Structure formats: C-alpha cells, structure tokens
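Spelled out, the chains give:
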Amino acid sequence: MGELAVEKHVKFILTIEKEKDSFESVVMEHIRLNGAYWALTTLDILGKLNTVDQDEVISWMMQCQHESGGFGGNIGHDPHLLYTLSAIQVLALFDKIDALDIDKVSNYIAGLQNNDGSFSGDMWGEIDTRFSCVAILSLALLKRLDKINVEKAVNYIVSCKNLDGGFGCTPGAESHAGQIFCCVAALAVTGSLHHVDKDLLGWWLCERQVKSGGLNGRPEKLPDVCYSWWVLSSLIMIDRVHWIDKEKLIKFILDCQDKENGGISDRPEDAVDVFHTYFGVAGLSLLEYPGLKAIDPAYALPVDVVNRIFFGR
Amino acid sequence: MHGRPRKAPTEEEQEASVVKGAKLRSIQAKFFQFHHTNTYTKEALEVNAKLLEMNPEFITGWNYRKLAVQYHLEAAQSDEDSIKSILDEELKVVESALMTNFKSYGAWHHRKWVLNMGHSSTDRELFLLKKFQKLDARNFHAWNYRRFVTALKNIPDEEELQYTTDMIYENFSNYSAWHNRSVLLSRLLKEEVEGYYPKEKVLTEEFEFVRNALFTDPDDQSGWFYHLWLLDQTVKLEHLLVSSWPPNGSNVNVSDYCALSPSLSSISRTLPLILCFSEAVGGINSSTVSVVCESNMDSNLTWTPISVDKSGFARTWLTYLTFSSEPMHPSRNYLVKVSIANSEGIISSAGFCCSNPSHMAFTVCLPSSNTEFDEGPDIERIDWSEENFSSNQLHSENLGLINSFNELTISGGNKKTYETNAKIIADEIAYCRELLSEMDCKIGKLTLARLLLAYDALSSASRGVQDQNMFQYKEILELYHDLMKLDPPHFQYYKDQYSLVFLKQELANEESLLKYCYQYRDSTSLSNNSLCLCLRGLSLSQIGCIEQLLWVQMLDLSNNGIRSIEGLESLQLLCCLNLSNNKICSFSALEPLRLLKSLKVLDISHNEIGAHPIDTRRYLCASPLSHASDWKREEFVVSGPEMTIYWDAFSIFSGLNLRQLSVTGNPIADKKFKLFLCKLLPAMKWLDDEKLR
C-alpha cells in the first residue's frame, strides 16, 4: 500500500496560502475562511500547526467579522453562519477562543433560529440542516447552547429524517451524505442520537463504499475523497464503521494523492485542492492511520483540542 | 473543485489563469464599491450580474441583489408592471447563473426568494424544472425546488406521485424519484386519502411496481432501497409485549431475588418485574399497566425505562414489587396478574398507540418471616475456567425460569392483518427466489434473507406461539455466509446479521437453549440460582435476542468478537458477566452496564481498551461532549487530573458496586489505571487476580 506523503502535503498547503492570483484561487476568495480552517486543521493533524504565523492568521480573520457579530468568508464579505463556525474552529485550534466577544457571536448565531427550530444561514432566510449543524457546533464550542431552543432545533432535524434512515437539507429532501453528517453531528452534540436508527442508517452509509474502495455520497454516484469524511464520521458517531472495509478506503485515499506536488484530489489522477486534502487527511485520521493526530468526528477538530475545551486542561 | 484532471499547467495556461483571475478581482472590487455604498444603479446591477455569471457561488453578490430588489420595489410601489419587470430580471440572472453551475445554493435560494413574493408564474417554474431534470435527474436542488413550487401551487400529492411514476419509467435508476415517491406515498397512506386505503392494497401494488425495476436491472440499488422501505411498512405492526421476567406461568421464590432490589435494607420481600416489548415504547406506568396480587402488595408502582438515553422510551421497563411484611403461609403460592389493557397511553417512539391488550400471570412464594438477606462473610472469587461449569445437574426449578416464552394473545382483527401481511411477504419471497435463480445478485440475496426473517416474525406472531421454523434459519444463515464471500468489503455487516440470526436459532426453544446452560460449582457467593448461560467461543460479533435472556444472572460471552453490548442493559438480573477476549474498544462501549445495578462480577480482560485513538462510542454515552445534563461534572472535576484520560471509565464504574473486576490485557490497564480503579471502587474485593485489602 502506498504511503502518506506528509511533507509534500504540508508544503502544498503552505504554498497555496501564498499563491493567491490564479483564477482557481480568486474564485474561492469568498470562502477563504473555510479554506483557512481546512488548511490549518490539516496541518494540525499532521503535527505541523506551528509552521504558520498564528497572529497573522487571527488578525486577518478578525477583520472578517461583521458588526453583527457574524463572520464573512473574507474581508468585506457579508456574514454567514458557515464562516462563523470556521472562525470559531480556527480559534479553537490556536486555543484563542477568548479573542472573541463570545456573547456577541453567540447572539448573532442564536438570532438566526426560526420558530420551527430550523436555522437560516443569514438574514436572507435560506434554511438548511447544514445551518442547524453549524449553529449547534458553534454554540457548543462557545459553551452557549442555552441561547437557543435545543429541543426545537433537534425536532426540526428529526423532521428531516427520511425513510431510508438518512437526512436531507429540509423535510422531504433526499438523503445525502453531507446532510447526514450535519444532522448526525448536531444530534450527537446535543445528546440526541437515539433519534437515529443506527442499523438502518449504518447500512445505507456502508453501502456508499464502492468496488474501488472509495465512498460515494448517495446511491449510484461516483466515489469522492470528501465522502471519506462525511460518510466515515457519520459511521463513527453511530458506531457502525466496522461495516466498511477500512483498509480499502485507506488505499483509495492514498491513491488520490499527488505524490509529486502534494495535495489530495477527489478521485485518483484529478486536480488537487485544499478541500480534498483536508478531507483525505481527516479521513485517514478517523481510520487510525499511523502518525496522525486523532480527529473528533462531530466537531471536525483534533480530539486534544475538543478535550481541552470540554474536559479542561 | 471536482472532476478536473490533474495536469501541471503550462506557462501559457498559468498566465491566462492569472489574467482571468485579475479580471474577476477587478469585477469583485467594483462590486464591493457599489455594495458598501448601497448603490443600486443599472450599471451597478450589471456589474453584479456579470460577477454572478462568472462566479455563481459568490454569496454576497446574491445578498446585494436582494437589497437592490427591495430598493427598486419600494420605488415602484404598487405598479404591477414595474414589479413584474424587476422580478423577471432576477429570474433571468438566476437562470444564467444556473447555466454556469446548476448546483449553486445561492442561485436556487434567490429564485425561491423571488417566487415567494408572489408575482411570478409557477407554471413557468415547472417548465424550467422539466428542463433541469432532463440535464440531471439526480439534481437534488431541482427536486427540492420542485417540492417548493408544487407546495406553492397546491398540487395534490397524487399528481406528484404520477410524476415520480413517469420519471421512474424513464429511468429505473432514479433514486431521487423513488425517494420522492416514498415521501408522497407515506403522506397519502397516513392521511388515508381515497384510493390509498387499505394500506395492504397499496403495498401490494407498490411491490408489483418496484418488481419491474428489480427484474430489469437487479444490480441497480435504487429499487432495492425502495423495496426495503415497503418491507418495513409491511412488517412494522403494533408494538407488543414479547417477554417478561418472571415469565408467564412461572413460580418464583421471592427470597431468592431480594438481593437484586436496590434497597439497602435488604427487605426479603421485594421482587423485580421486567417487561420487554417488540420495540421502544413510552408511557408505561401504574395507570397503563395493572399489577394485582392476592396477597398484600403495594400497588403504587414506579416503572423505569431501561435505556441509556434520556428519551423516556425503552424496549424494557422495570419495576419492583414489594410484598407486605405480614406473616404468610410459607407453602402457599400467590398469584400475580399483569395486564396491559388501557394501552392508549402506551406509545411507540414513532407515535403509534397500541391497541393490543396483553395479559400474563405468575405465582410467587413468599418467605414465612422477615428473613434478612445476608451476603455472607466469605464470598469466593468467581473463576470462569471451564472446569467450574457442569451441565448435568440442572435443577428442575431452574428450568421453569428459563422458559420466558410468552404466548402472545392477539385479538381477531389484528390477527387478520398479520396473516394478510405474512402472505404479501410470502409472495415477495417467491419472486425474490425467482430472480436469484437467474442471477447471483448481492442485494437480492440480502433482501431474501430479510424477507425470510420478516416472514418468520409475522407468521409466529399471528399463530400466537414461538414456533420457530428451524429450516428457515438455516437458509438465512447460508445466505449471509454467501454474502460474506460475494461482497467482502461489507463482511462485518453480514457477520453481525449472521450472529443475530444464529442466536435466534440457538435460543429458539427450550431444548436448544439448554445446550448452553451450565451450573457454576456450588458456592456461597451466589443465591440458589448459580445457573450460567454460556455463549463463549461462538464467533459472535453482536448480541441479540435479549427478550429471551431476561432471566439470566450469570452470562459468559468470552472469546467471541463482540464490539458492542447494545441491548445488554435489559438483562436487569445480571450479577456476573464475562466479556474477556472480545473486541471491546473503549469504556464508552460499556455504557449499558451503568444500568445493571445488580452487577457484582465483571471480566473485561483481554479486549482492546486503550488501543484505539478513535472512540466510536464517544457520542453514544453520557459525557460533557453530548451535553447530557446528568453528567456528574462536580464529582469529575474534583477528583483530579487523571480524570481527563479516564473520564469514560469514571462514567461507567462510579455508579456500579462491583466486587470483582478483571481488566488485564487491555493497553489502558497499567499500574496508574489500576490505582485509579481502586480509588474509584472502594468496595471492590478483587482486581484481576489479586485480593485487595
């Protein structure tokens, strides 16, 4: 079996931080805060978080905060829950959550809960269980879950449960591995996993593993390294990960590496990017690949970071 | 980000990319100027439209458009033509963005936002959707939008159902269409809409419909998932009482079991009563369940759901019967009758009521005087070696208590439903066999195994006796065996199912069960019942059939491949448990043990605790991570820094009163950990093979 080219991937990540002018980079500027989270978490899992200038990152990130308390994807961009979570996660990595005005941020997040328990992504009202997940994880990390109606939030997520055991973005929407991760993580963190039919969902999820060993996101679709996270972490949270072939999945992820230039792609021989590099490395961590820091399947942060927040030093 | 081939860009390509990037940057900069100065002129809107066409994912761009629309609508006031023109322009911008990327969340949401204003044609939307479905029938954005539009137009579910029929006929592999079908159909069934009643008729028609897909392309999963849902609908009938302890028709010596009551004062007249249902139920209390005894018995009973979560629902419910302390005739047996008649209050977690009354009865033999139970001064250490167990001296009293097979009494109307549904399943079994005779289809085999199990459950319920068909179990086990070879990546899934069916087979009747019953050598360490259920070395990867095991006090599950003990919490009489040489990976996996208040002897030696950096049960047990309110934060914090490493061990063991514990052979069980355990469990007498104090 191939090996994980750790040094190459670290170099790849540190390089893209600098190479900002290609079209591929400019077209992702609006989600740069997500990009920072993917890059930095990958570095931490590989034990190389100290290669970045922490102060520089935090200083840039705080400029992305809007007067409402929420964060935009980059400086000058409108605030949204998605980037607010990434900001909190990055600060957690650096153990600098106290750099935030925690009440201000949590008020912004809590203010986006609707009457039916769902969450809008921002003031424009798009509702999606992704946002329920993001809101719940954010507030849990800030220890301010009491600012929302958790019971209603859970009930809304449960209303998005489908007959195949999976979850969609809104009630009645088709099950999709990404949405499933979001709903399962939110239920996990709120102590509500008893709402999940673990055997039914576990089987649907384990059937995402195709012949090549990779995982797809829904039936009859192509495998993709990012599903190594969405599907895998969901399986782990409901304790059904033994229903897939871990060795085959490890091999698939390793085959998606660009061993010359670093980085991991969605499928073998495709172009690499930081998004898939993160999901590949995080997936390998969940699969207990040697030499990697363990990652928490719900918060998508290293276990030592999560333990530091909830169990103290 | 997806599906681009890996090619090192040529210098020209790199240059071109930088030029394109600079162009996009320049448009973005112009846009931000307009956005941050709240400028909504024609020119500004055009810049924005250009930006969104180049990058439909640019969220702030869509926000700006909404602000611009609000601004212009205010100016237009109620001029219908102006309003329409403004909104039509928005729809054009969305369409153009969708052409660049038809999966853009921002674009679809903007369209919904415009439609919600109520000035746009929904017919046009349906036409647009048809176009998108042709491009990609699995585009879930389009399907979501379709549900949104049909709700706006109040299109009835039956019509949309016909749409899914058309889509499926166009392409059987349309999981999205099957999914939508299941949503619509469950609504129609639930509301008992005309033409969709009775349920059995609809299910039969749907089975026929999906059969087309399965026979045309058996390797495509979409139809099979739908088939599984239909099967589930056919099998899931009301929840039933399936077993109890004491078992129906048994006779129990109360003084034998008083050690199991939680009361510290060891009243010799307390007896646990356990009820086990076919699925998790709520609402078990003294008004929904009546327990009546000829002798004096406190009838104000508190029922507890036996569940690791706080949902209030559980398969197993527990109460304690306390008999009065007046002297009674020692030779007389008193009848206890348990009735679940007022069952409207009992609901399943899916919200269904039970309309099935259940009655059972057993007799108790009460002690002549208030004998205090004394544990005895010298309790021996339990030694699990095989030579300490014998099978040829089983006392006859023991056998009566093994028999936990209840006779289910199902009233007339419901019995017919069971029979009808069993017939539907029998037909499906025949069709499945036909398909499999023509080809080796993995998911077909799995479905056949599930169908056989379902048929077994339905037919035995309707006959009212646990008359297990042993041949059927043999066939199911063979199917899972085949599947382990046919589909190696999912080997462990099939192994787990195999274990469950194997246990069902082995515990199916008294004769088979007795093979696994052994007597532990006579000792003072246990009450009379030193009967052990010995399931060691059976290659079990999972435990099941807990409804058959409520009577078990001593259980040997060693030398198997067990990773999870989900369900074990129901064995409320359990005192001695051997889980050595299995695949337990963490203390959090032992969460069910927290509910076994009678547990005194536990062997978890030679497992994998401490060997895994990833804990797969971290969110399935009570801890600060799952924000469960009963986490004993204060005790935890006060007890010292090693708690951070041993938080899950703390959680499991601090509530138990173990006398004997074995942990050796787990990577976590070093000297430091053993010291921690001694501190945590002061009443413990043996740790590994060492006698303490």
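Given the structure is predicted, the values throughout are model-derived calculations rather than measurements.

So, the overall build of chain B
Right, so step 1: A count of helices and strands for chain B gives 21 helices and 18 strands.
Right, so step 2: With 693 residues in all, chain B has 54% of them scored as buried.
Right, so step 3: If you take every contact in chain B between residues at least 6 apart in sequence, the share linking residues at least 24 apart comes to 69%.
Right, so step 4: Summing over all exposed atoms, chain B offers an accessible surface of approximately 30400 Å²; the carbon and sulfur share of this is 52%.

Focus: a negative patch on the surface
All names here are of chain A.
Right, so step 1: Residues Glu17, Asp53, Asp55 and Glu56 make up a contiguous surface patch of negative charge.
Right, so step 2: With respect to the helices, strands and loops of the structure, Asp53 is situated in the loop between α3 (32–45) and α4 (54–62).
Right, so step 3: A relative accessible area of 42% places Asp53 in the partly exposed class.

Overview of the side chain of Arg181(B)
Right, so step 1: Examined against the element boundaries, Arg181(B) turns out to sit in helix α9 (residues 175–190).
Right, so step 2: By relative accessible area, which is 5% here, Arg181(B) ends up buried.

What to know about the UniProt feature "domain: Prenyltransferase alpha-alpha toroid" (unreviewed entry) in chain A
Right, so step 1: Under the UniProt annotation, the feature "domain: Prenyltransferase alpha-alpha toroid" (unreviewed entry) is placed at residues 4–300 of chain A.
Right, so step 2: As a span, residues 4–300 of chain A carries 47% helix and 1% strand, and end to end its C-alpha atoms are 20 Å apart.

Concerning the sheet that holds strand β4 (residues 290–293) of chain B
All names here are of chain B.
Right, so step 1: The mixed open sheet is built from four strands, whose spatial order is β2-β9-β7-β4. Both edges of this open sheet fall to β2 (251–253) and β4, since each of them pairs with a single strand only. Ignoring strand direction, the axes of neighbouring strands in this sheet form an average angle of 25°.
Right, so step 2: Summarising the sheet, β2 and strand β9 (residues 358–365) pair through three bridges and their orientation is parallel. By the bridge assignment for β9, Val252 is matched with Val364.

A short note on the nonpolar core
As a rule of thumb, soluble globular proteins bury nonpolar side chains together.
Right, so step 1: Formed by 272 residues in total, the largest nonpolar core has its most connected members in Phe653(B) and Leu661(B).
Right, so step 2: Looking at which element gives the most residues to this core, the answer is helix α9 (residues 177–189) of chain A, with 11 residues.
Right, so step 3: In this structure, Phe653(B) is in contact with Phe587(B), Leu602(B), Ile604(B), Leu658(B), Leu661(B), Leu677(B), Leu680(B) and Leu681(B), ignoring residues within four places of it in sequence.
Right, so step 4: One finds Met54(B), Leu91(B), Val149(B) and Ile155(B) within the second-largest nonpolar core, a separate group that totals 45 residues.

Let's talk about the interface of chain A and chain B
Right, so step 1: With 92 residues of chain A at the contact, the number on the chain B side is 81 residues.
Right, so step 2: Between chain A and chain B the total buried area reaches about 7500 Å² when both faces are included, carbon and sulfur atoms providing 56% of it.
Right, so step 3: Sorting the residues of chain A by area buried against chain B places Trp124(A), Trp203(A) and Phe311(A) first, and these three jointly supply 12% of that buried surface.
Right, so step 4: Linking chain A with chain B are eight salt bridges.
Right, so step 5: Among the ionic pairs, Arg138(B) bridges to Glu174(A), the shortest N-O distance being 3.0 Å.
Right, so step 6: Counting across the chain A and chain B interface gives 48 residue pairs in polar contact (both at pLDDT 80 or more).
Right, so step 7: When residues of the side of chain A that touches chain B are traced back to their parent elements, those giving at least two are α2 (23–26), α7 (129–141), α9, α10 (198–206), α11 (227–237), β2 (272–273), α13 (274–286) and α14 (303–311) of chain A.
Right, so step 8: Counted by class, the side of chain A that touches chain B contains 40 nonpolar, 21 polar and 31 charged residues.

Regarding the packing of aromatic side chains
Residues and elements named next belong to chain A.
Right, so step 1: Applying the stated criterion across every chain, the model contains 40 aromatic pairs over all chains.
Right, so step 2: For the pair Phe181 and Trp230, a centre-to-centre distance of 5.3 Å together with 55° between the ring planes defines the contact as tilted. With Phe181 in helix α9 and Trp230 in helix α11, this residue pair connects regions lying 49 residues apart in the sequence. Side by side, Phe181 and Trp230 carry an identical accessibility label, which is buried.
Right, so step 3: Members of the aromatic cluster, each reached through a chain of ring pairs, are Tyr37, Trp38, Phe181, Trp229, Trp230, Phe275, Tyr278 and Phe279.

Things to note about unusual backbone geometry
All names here are of chain B.
Right, so step 1: Cis geometry is adopted by the peptide bond preceding Pro198, which originates at Tyr197 and carries an omega value of 0°.
Right, so step 2: Note the cis peptide between Trp245 and Pro246, where omega equals -5°.
Right, so step 3: Position of Pro246 among the secondary structure elements: in the loop between β1 (241–245) and β2.
Right, so step 4: Non-glycine residue Asn38 carries a positive phi angle of around 50°.

A look at the confidence of the model for chain B
Residue and element names in this part refer to chain B.
Right, so step 1: In this model, chain B carries a mean pLDDT of 86, and residues with pLDDT of at least 70 account for 87%.
Right, so step 2: Across residues 407–412, confidence stays below pLDDT 50; counting only partners more than four residues off in sequence or on other chains, it has 15 contacts.
Right, so step 3: Overall fold confidence for the complex sits at a pTM of 0.94, while the interface term, ipTM, reaches 0.95.

What counts and how
Residues numbered from 1 in each chain as written. Chains lettered and ligands numbered in written order. Predicted model: local features only at pLDDT ≥ 70, side-chain atom pairs only at ≥ 80, totals over all residues. Heavy atoms only, no water. Helix = DSSP H or I, 4+ residues; strand = E, 2+ residues; numbered from the N terminus. Buried < 20%, exposed > 50% of the residue type's maximum accessible area, 1.4 Å probe, protein only. Contact = heavy atoms within 4.5 Å. Areas by Shrake-Rupley, 256 points an atom, 1.4 Å probe, with all protein chains shown as cover. Patch = residues over 30% accessible without salt bridge, like charges linked within 9 Å, V, L, I, M, F, W, Y side chains within 5 Å. Salt bridge = Lys/Arg side-chain N within 4 Å of Asp/Glu carboxyl O. Lys, Arg positive; Asp, Glu negative; His and termini not counted. Charge placed at Lys NZ, Arg CZ, Asp CG, Glu CD. UniProt positions renumbered as here; feature names shortened; annotations may be inferred. Pairing = 2+ DSSP bridges. Axes fitted to C-alpha atoms, helices over the stretch in contact; angles between N-to-C directions. Core = buried A, V, L, I, M, F, W, Y, C linked by side-chain atoms within 4.5 Å. Buried area = accessible area lost by both parts, 1.4 Å probe. Polar contact = N/O pair within 3.5 Å; in protein donor to acceptor, adjacent residues only side chain to side chain. Nonpolar A, V, L, I, M, F, W, Y, C, P; charged D, E, K, R; others polar. Phe/Tyr/Trp six-rings, centres within 6.5 Å; stacked < 30°, edge-to-face > 60°. pLDDT = per-residue confidence, 0-100.

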